[in-house]
Every structure is written in C-alpha cells, then in structure tokens.
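# Structural characterization, general
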Amino acid sequence: MHKNVGLREKTEKVNGITIVLDCYNASFDGMKSSIEGFIKLCRNKNLRPNLLLGKMYELGDNEWEYHYRIGEYARDIGVADLVAYGDCAEHYIDGFMKGVVFENKKSIARYILDSYNENDAILVKAGRKDKLEEIINELKELVK
C-alpha cells in the first residue's frame, strides 16, 4: 500500500484549484511517470491538467535535452499549460512550444490564481533544491 510521504504526491486545494505537490525528487523517468499519473487523475476527475516544473538535477552535460524532452512529453500527453521555474526552465518551454518561465514563487502564485480555476489541477514537480512546495504558502498568502 502506497502512503503519501511528506513532499511526495500531496494534494491540496487552494482557491478551488487542485494542487498536487511532488517535490521530493525529479529524475527524467520519475518526471515522466508523475506526469502520466497526474494526467490519469485529471481525466478521472474531469480537471484540466497543468504543470509547474522545476529543474531536474544531476543529469550531466545534456541536461537541457532532458528538460526539452519532458516539455515535448507534456505537450504530447495532453497537458494544457506549462509553467517553468529556475535553471533549464526555457528548455521545458521550448519542448512544450508554449508556456511561461518565472524566476520567483510569488509571481508563479499570482499567475496560478489569475489563470486557473476550480476546473484546473496543477502538478508541482521539481527537485528538492527548488523548494517549489513553498508555492502553497505563497498561494495561501495571496488568497487571504
């Protein structure tokens, strides 16, 4: 039986938006697997799937290619919108062929609240160094 542990697959609603946090680690295969599972969840709940992705670390010299390929994968599997954060963010967007890059979490939170509603879900997936789980606190601060 799978248990949610800390920052892995924690689901919360903020302002009606379903947010799935998976900020424990982010390998290439793990990223693809998380996105695939998230798409299934969204289809089951009739929610529009969106992604907030941070950097996948420890990928070596071709890290840009892995980020690009995840962007392509997200586009091909049916993700509606992609928000990218930090180093390599532009590579996700290049692969997805659209989307938004942000350098700070408050701006991401504002974008999410302005762009999404109760028909949306967003998967927040990144390596631990990005601390993207902090987006929940930023969102809660903005909706106070």
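The structure presented is a predicted model; accordingly, all values stated were derived computationally and were not measured. What you see as residue numbers is a count from 1 along each chain, following the sequence as written. Given that this is a predicted model, residues contribute local features only at a pLDDT of at least 70 and side-chain atom pairs are listed and counted only at 80 or more, while totals for whole chains, interfaces and linings are drawn from all residues. Side-chain numbers here rest on the full set of heavy atoms in the structure, without hydrogens or water.

## Overview of the pattern of salt bridges
Every case where a carboxyl oxygen of Asp or Glu lies within 4 Å of a side-chain nitrogen of Lys or Arg is listed as a salt bridge. For the coordinates displayed, the defined rule picks out 13 salt bridges. Glu-63 is the partner of Lys-55 in a salt bridge, and the nearest nitrogen-oxygen pair spans 3.4 Å. When salt bridges with common partners are traced through the structure, they connect Lys-10, Glu-12 and Lys-140 into a single cluster.

## Focus on the environment of Gly-60
By definition, any uninterrupted DSSP run of H or I lasting at least four residues is a helix, any uninterrupted run of E lasting at least two residues is a strand, and each is numbered from the N terminus. In this fold, Gly-60 is placed in the loop between β3 (48-53) and α2 (63-77). Counting along the chain gives 69 residues from Gly-60 to Lys-129, while the straight-line C-alpha distance between them is 16 Å.

## Observations regarding the state of the cysteines
The term disulfide refers to a covalent linkage connecting the sulfur atoms of a pair of cysteines. By convention in this document, the label disulfide applies to cysteine sulfur atom pairs within 2.5 Å. Considering all chains together, one arrives at zero disulfides under this definition. Residue Cys-23 stays outside any disulfide, its sulfur separated by 16 Å from that of Cys-42, the closest cysteine. Burial here depends on accessible area, computed with a 1.4 Å probe over protein chains only, as a share of the maximum for the residue type. Under 20% is buried, over 50% is exposed, and the range in between is partly exposed. Taking the relative accessible area as the measure of exposure, Cys-23 reaches 0% and is therefore buried. Distance from the sulfur of Cys-88, which forms no disulfide, to the nearest cysteine sulfur (Cys-23) is 17 Å.

## Focus on the pairing of strand β6 (residues 120-125)
Among the six residues of β6, six are classified as buried, and the element is accordingly described as predominantly covered. Burial along β6 is two-sided: the face carrying Asp-120, Ile-122 and Val-124 and the face carrying Ala-121, Leu-123 and Lys-125 are both buried. In this scheme, strands are said to pair when DSSP sees at least two bridges between them. Inspection of the sheet shows strand β2 (residues 17-22) paired to β6 by five bridges, in the parallel sense. Paired with Ile-19 across the two strands is Ile-122, which belongs to β6. One ladder, built from six bridges, connects β3 with β6; its direction is parallel. Within β6, the residue paired with Leu-52 across the bridge is Val-124.

## Observations regarding the nonpolar core
Among the buried residues, those of types Ala, Val, Leu, Ile, Met, Phe, Trp, Tyr and Cys that are joined through side-chain atoms within 4.5 Å form a nonpolar core. Core analysis: the largest hydrophobic core is formed by 25 residues, its most contacted members being Ile-35, Leu-51 and Leu-82. Of all the elements in the fold, those that place two or more residues in this core are α1 (28-45), β3, α2, β4 (81-85), α3 (89-96) and β6. Residue contributions to this core peak at six residues, all from α1. Every residue in contact with Ile-35, bar those within four places of it in the chain, is listed here: Leu-51, Ile-70, Tyr-73, Ile-77, Val-79 and Leu-123. If you look at the next biggest cluster of nonpolar residues, it comprises 22 residues, including Leu-21, Cys-23, Tyr-85 and Ile-135. Only heavy atoms matter for contacts: two residues are in contact if any of them lie within 4.5 Å across the pair.

## Section: helix α5 (residues 135-143)
Along α5, the residues that are buried comprise Ile-135, Ile-136 and Leu-139. Down the axis of α5, the buried side of the element spans an arc of 105°, and every buried residue falls inside it. Here the arc refers to the set of directions running from the helix axis out to each C-beta atom.

## Thoughts on unusual backbone geometry
If you check the backbone angles, Asn-15 has positive phi at about 55° while not being a glycine. Mapped onto the elements, Asn-15 comes out in the loop between β1 (8-14) and β2. Phi is positive for Asn-46, which is not a glycine, with a value near 55°.

## Here's the deal with the confidence of the model for the protein
Mean pLDDT over the protein: 90, with 94% of residues reaching 70 or higher. On a range of 0 to 100, pLDDT expresses the predictor's confidence in each residue. The element-level mean pLDDT for the protein is lowest in β1, coming to 83, with β3 highest at 98. A low-confidence stretch, residues 1-7 stays under pLDDT 50, and its non-local contacts, those more than four residues away or across chains, total eight contacts.

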